[in-house]
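# Structural overview
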Amino acid sequence: METKLKLGVLGSGSGSNMQAIMDAIESGELNAEIVLVMSDFPDAYILERARKAGLRAEVIDCAGYKTKFPDESQAAVAQALKSAEVDIVCLAGFMRLVKQPLLDIFPNRIINIHPSVLPAYPGLMAWKQAVDDGASESGCTVHYVDAGMDTGPIIMQAKVPVLSADTAETLHQRIQLEEHRIYPAAIKQIATKL
Ligand code: GAR
């Protein structure tokens with residue numbers, strides 16, 4: 001795809017992965033623009049990060065649910081992303097399960113970064129799962145999103161060692177360095193196939 005790719009980003013946390021995507025765009029490494037950033041938490045730093053960078057940033061109304069992503073909210077998000085003419089939806093630390101109608105409206109166009117080498121350690125706090133399990137290595141995965149939890153086809157992975165002195169937090173920091181490298185690279189890779 002030679003035209004500039006339009007990205008939508010959904011996140012629930014600090015948005016360091018979105019920052020890595022922004023940096024890759026800024027450096028010319030990635031021919032893309034972030035046209036819409038959405039978060040299910042009004043106070044999430046990803047929204048502040050986006051606004052500071054002059055990006056359009058919106059809160060997703062999840063009707064008071066802490067973890068559920070209600071159908072109406074998914075429909076509203078799909079509509080907003082569609083109106084913004086998003087080509088690829090990037091989940092960047094987004095902690096709710098995406099399903100219909102979002103999956104139907106963006107078939108094979110929703111991708112996620114997960115902090116383990118899938119299929120190992122799907123679900124929450126994958127870095128802690130790896131430490132608790134006594135794993136000798138872990139890492140991260142960029143994959144297409146399907147209706148399962150962290151089950152879609154894999155686009156790119158990176159591995160890091162788990163050191164004997166690691167806590168869940170130090171392992172997560174090491175994994176995040178790799179996340180920030182492979183997420184922009186994976187977007188670049190799939191953009192050539194659109
Ligand atoms: C990242 O480590 C990402 O892999 C993880 O949340 C963190 C968000 O960090 N995502 C998941 O665990 C999804 N199951 P960020 O907000 O700094 O990008």
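Residues numbered from 1 in each chain as written. Predicted model: local features only at pLDDT ≥ 70, side-chain atom pairs only at ≥ 80, totals over all residues. Heavy atoms only, no water.

## Here's the deal with unusual backbone geometry
Looking along the chain, the bond that leaves Q100 and enters P101 is cis, with omega of 0°. Turning to its location among the elements, P101 is positioned in the loop between β4 (88–91) and α4 (102–105). For the bond from L118 to P119, the omega torsion is 15°, close enough to zero to count as cis. Its place among the elements puts P119 in the loop between β5 (110–114) and α5 (126–132). Not every positive phi belongs to a glycine, and Y121 is a case in point at roughly 50°. As for its position among the elements, Y121 is in the loop between β5 and α5. A relative accessible area of 16% places Y121 in the buried class. With phi around 60°, D150 is a residue other than glycine that occupies positive phi space. Position of D150 among the secondary structure elements: in the loop between β6 (137–144) and β7 (154–161). (Helix = DSSP H or I, 4+ residues; strand = E, 2+ residues; numbered from the N terminus. Buried < 20%, exposed > 50% of the residue type's maximum accessible area, 1.4 Å probe, protein only.)

## Considering the environment of G134
By the secondary structure assignment, G134 is in the loop between α5 and β6. Note: C-alpha distance between G134 and Q79 (55 residues apart in sequence) is 43 Å.

## Quick look at helix α2 (residues 45–52)
Note: α-helices contain 3.6 residues per turn, so residues at a spacing of three or four share the same orientation. Taken together, the buried positions of α2 are occupied by I46, L47, R49 and A50. End-on, the buried residues of α2 take up no more than an arc of 160°, which puts them together on one face. Considering only its buried residues, α2 is in contact with β1 (5–10), α1 (16–26), β2 (32–39) and β3 (57–59). (Arc of directions from axis to C-beta. Contact = heavy atoms within 4.5 Å.)

## Re the environment of A57
Within the element layout of this structure, A57 appears in strand β3. Residue A57 is classed as buried on the basis of its relative accessible area of 15%. Each C-alpha atom, one on A57 and one on V37, is 4.6 Å from the other, the two residues being 20 residues apart in sequence. Those residues within four positions of A57 in sequence are excluded, and the remaining contacts are V37, L47, A50 and R51.

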